[in-house]
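Close look at the chain arrangement
The chain contents come next:
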Amino acid sequence: MAAPASAPADSRSRPAVRDVVFVDGVRTPFGKAGSKGQYAETRADDLVVKVIRELLRRHPELPPERIDEVAIAATTQIGDQGLTIGRSAALLAGLPKSVPGFAIDRMCAGAMTAVTSVASGVAFGAYDVAIAGGVEHMGNHPMGEGVDPNPRFVSDKLVDTSALIMGSTAENLHDRFPTLTKDRTDAYAALSQQRYEAAAAAGRISPDLVPVSTRSQENGWGLASTDEPPRPGTTADDLAGLKTPFRPHGRVTPGNAAGLNDGATGCLVADADTAERLGLPIGMRMVGYSFAGVEPEVMGVGPVPATEKALERAGLSIDDIGLFEINEAFAVQVLAFLEHFGISDDDPRVNPWGGAIACGHPLASSGVRLMTQLSRHFAENPHVRYGITTMCIGFGMGGTVIWENPNYQAGDAQ
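Residues numbered from 1 in each chain as written. Predicted model: local features only at pLDDT ≥ 70, side-chain atom pairs only at ≥ 80, totals over all residues. Heavy atoms only, no water.

Things to note about the UniProt feature "domain: Thiolase C-terminal" (unreviewed entry) in the protein
Under the convention used in this document: UniProt positions are given in the numbering used here, feature names are shortened, and annotations may be inferred rather than shown by experiment. Every helix listed is a DSSP run of H or I at least four residues long, and every strand listed is a run of E at least two residues long, numbered separately from the N terminus.
Per the UniProt record, the feature "domain: Thiolase C-terminal" (unreviewed entry) sits at residues 285–404. Between the end C-alpha atoms of residues 285–404 the distance is 5 Å, and the span holds 34% helix and 26% strand.

What about the side chain of K182?
Going by this rule: Polar contacts here mean pairs of N or O atoms no more than 3.5 Å apart (in protein, one a potential hydrogen donor and the other a potential acceptor; neighbouring residues in sequence count only if both atoms are side-chain atoms). It only takes one pair of heavy atoms within 4.5 Å for two residues to be counted as in contact.
Mapping K182 onto the fold places it in helix α6 (residues 182–201). Of the polar contacts made by the side chain of K182, one reaches the backbone oxygen of A240; its length is 3.2 Å. With residues up to four places along the chain from it excluded, the contact list for K182 reads H174, L239, A240, G250, R251, T253 and N256.

What about the environment of E339?
Relative to the elements of secondary structure, E339 occurs in helix α10 (residues 331–340). Remark: the alpha-carbon pair of E339 and T179, spanning 160 residues in sequence, is separated by 9.3 Å. Sequence-distant contacts of E339, that is, excluding residues within four places in its chain, are made with T179, L180 and R184. Polar contacts involving the side chain of E339 include one to the side chain of T179, which spans 2.7 Å.

A closer look at unusual backbone geometry
What counts, and what does not: Remark: exposure states derive from per-residue accessible area (1.4 Å probe, protein chains only) relative to the maximum for the residue type, with buried under 20%, exposed over 50%, and partly exposed in between.
Even without a glycine there, the phi angle at L83 is positive, about 55°. Mapped onto the elements of the fold, L83 is located in the loop between β3 (69–73) and α2 (85–92). What makes L83 exposed here is its relative accessible area of 74%. Although it is not a glycine, N351 adopts a positive phi angle of roughly 45°. Relative to the assigned elements, N351 resides in the loop between α10 and α11 (356–359).

What follows is the structure, encoded as structure tokens:
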């Protein structure tokens, strides 16, 4: 925004944009929503407390009073996910009372938006270090709880009624792109399960997880230390006969979509110079981000225009991207992205350790899971310079963040 003509030409009024870095991220193991899930009797805000405390435990070089903001997302902001959860969880985690916090909602991209929001503050100089993340306890708060859509959406024909049911929007995406067959989505879903299984066996998943003590009246005390949703050994043939709950003889099944899950994520975002002074590690550098709207009835295509917009603004092309972390709300949504950009269904650059179809998708928390995994991929792949995290968003949106690998070595480029 331009200064008024009478304003003095003083450089102090125009702070330089600072480099924003992703320091580190953690998450709870993801659970199955419902009375038999591992978090059935655990509060959502206590899950957030676990990730905040774990970030501080892993980084004793960061004085807690240096944290300038805590932004936590939740889609259903009531009950144990309400009370301005960024602030309440910060207090429960033992952060100094001088550390502020807020809640944020952009449905599935809540945690992603928490990161981009505080990153903008870091770039502008409002923050030096911030915590961003998200939580969803879909067992305590089923999708759509308390929602009261304005009747004008339907009466004025602003959206089709299917836009309010995410599984129906995935079926609509199949209709829009008939080349995205059920066989392809089942094959992709099985691959996600297999990649996650291989990554877990290799010890690549557990380092990001913070164990959570649980308690139930039936089983007493327990410890959630692994993701609950994965189905090891899954094949495409196993998925072929599953029911299609959103449409008779449809294509979207519980096997080629993410389930209903509980879990929380959190990460540290900082100014690059501050991170260096404090001795904080740098996992990635933020290059840019974009959000875009699409027809709500086919919300799964949202990552396509969001990515095109982010790439254009960054002066990059899809060929510059060496790693992709794409949220797997539905397999058809991932395939729509891949087909648009001419990427094969089984490209090894895409979700190398599997995705939400395997490990789960606790709505507002998932964006930081994508970022944490991309930062781990960067550490293992110094030949890759750029990567993206991208996801579709309910009611017709997509979000994409472009990241640069701080370990990049041009001589190793492939």
